[in-house]
Amino acid sequence: MSRSDRLFRLLQALRTLPAPVTAARLADETGVSVRSIYRDIESLRAAGAEIGGERGYGYCLIEDGTLPPQMFSRIEIEALALGLAEVSHMGDPALAKAAAAVLGKVTATLPSVGQQHLLHAVSQVYRFEKRFPPLPDMHLIREGCWREEAVQIRYADGKGAVTDRQIWPLAIVYANNMLVVLAWCCLREDFRMFRVERIKQMEAAGVSFRPRRVALLRTYLAQLAA
């Protein structure tokens, strides 16, 4: 791991982990030794990051000099807190981790008053039941959308009939109580909504459909409007 990557990981850990965070916890999070953490803390301080704490007690990021300050009104801060909390309930571990990282970055760039408002936001999310059924790993679908690459899936319809299909994933749609993938189905040669919990298997097909994703989305939206 390069030194710049190591420092970035350490800074991200300081943004996201509950403070004060010990050097041992930071070492475990970043995959380096405790001795390296002590050296890297000093390097970050020299670069302008204001890091409180000391050996044997723990560290906290007071002010992050690597990110520009953010100015949000209090209602905007409430919206951020509510939106990120909702993402954490989506049932997708990768999205939940990303939401925590965003919260840490935003908190680090707020002035002290804004940080207090965010940490003590009155807008909260609580769900008595899980929003979605157990979901497969969404990494392949998300990467397929980003890179415009086809995905091969084994899909069971509402009657239990199973088919193998190659799809061009266009969007991941979070409906009220289901998660669906909007895609171009190469088998049916048409747009289809695939319920994620009915996808039994998936793998990268190694086929690019670039640069058709945006055009296909526009066509689908035009069909809906019509």
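Residues numbered from 1 in each chain as written. Predicted model: local features only at pLDDT ≥ 70, side-chain atom pairs only at ≥ 80, totals over all residues. Heavy atoms only, no water.

> Where do I start with the overall build of the protein in this structure?
Along its length, the protein carries eight helices and seven strands. A compact globule built from 226 residues would reach a C-alpha radius of gyration of about 17 Å, whereas the protein, at 22 Å, exceeds it by more than 25%. Taking the principal axes of its C-alpha atoms as reference, the protein extends roughly 60 × 40 × 35 Å. A separation of at least 24 residues holds for 57% of the contacts in the protein among residues at least 6 apart in sequence. Summing over all exposed atoms, the protein offers an accessible surface of approximately 13500 Å²; the carbon and sulfur share of this is 54%. Charged side chains of the protein number 29 positive and 24 negative; the gap between the two group centres comes to 3 Å. (Helix = DSSP H or I, 4+ residues; strand = E, 2+ residues; numbered from the N terminus. Rg over C-alpha atoms; globule rule 2.2 N^0.38 Å. Contact = heavy atoms within 4.5 Å. Areas by Shrake-Rupley, 256 points an atom, 1.4 Å probe, with all protein chains shown as cover. Lys, Arg positive; Asp, Glu negative; His and termini not counted. Charge placed at Lys NZ, Arg CZ, Asp CG, Glu CD.)

> Please clarify how the packing of helix H1 (residues 3-16) against helix H2 (residues 23-30) should be interpreted in this entry.
When two helices pack together, their arrangement is given by the angle between the helix axes and by the axis-to-axis distance. Closest axis-to-axis distance for the H1/H2 pair is 10 Å, and the angle between their directions is 125°. Judged on the interaxial angle alone, H2 and H1 are oblique. Once H1 is placed against H2, the crossing between them reads as right-handed. Between H1, through Arg9, Leu10, Ala13 and Leu14, and H2, the contact on the second element is made entirely by Leu26, Glu29 and Thr30. For the contact of H1 with H2, a count of residues per class yields four nonpolar, one polar and two charged. (Axes fitted to C-alpha atoms, helices over the stretch in contact; angles between N-to-C directions. Parallel < 35°, antiparallel > 145°, perpendicular 65-115°, else oblique. Left-handed = near helix turned anticlockwise from the far one by under 90°. Nonpolar A, V, L, I, M, F, W, Y, C, P; charged D, E, K, R; others polar.)

> Explain the pattern of salt bridges here, please?
Note that side chains of opposite charge can pair when their charged atoms are close. Enumeration according to the criterion identifies ten salt bridges in this entry. Its salt-bridge partner being Arg147, residue Glu143 comes within 2.8 Å of it at the nearest N-O pair. In this pair, Glu143 and Arg147 both sit in helix H7 (residues 139-147), four residues apart, roughly one turn of the helix. Overall, Arg147 belongs to the partly exposed group, its relative accessible area being 45%. In this structure, the salt-bridge partner of Arg210 is Glu148, at a minimum N-O distance of 3.4 Å. Remark: Glu148 occurs in the loop between H7 and strand E3 (149-156) and Arg210 occurs in the loop between strand E7 (199-208) and helix H8 (213-225); sequence separation between them is 62 residues. (Salt bridge = Lys/Arg side-chain N within 4 Å of Asp/Glu carboxyl O. Buried < 20%, exposed > 50% of the residue type's maximum accessible area, 1.4 Å probe, protein only.)

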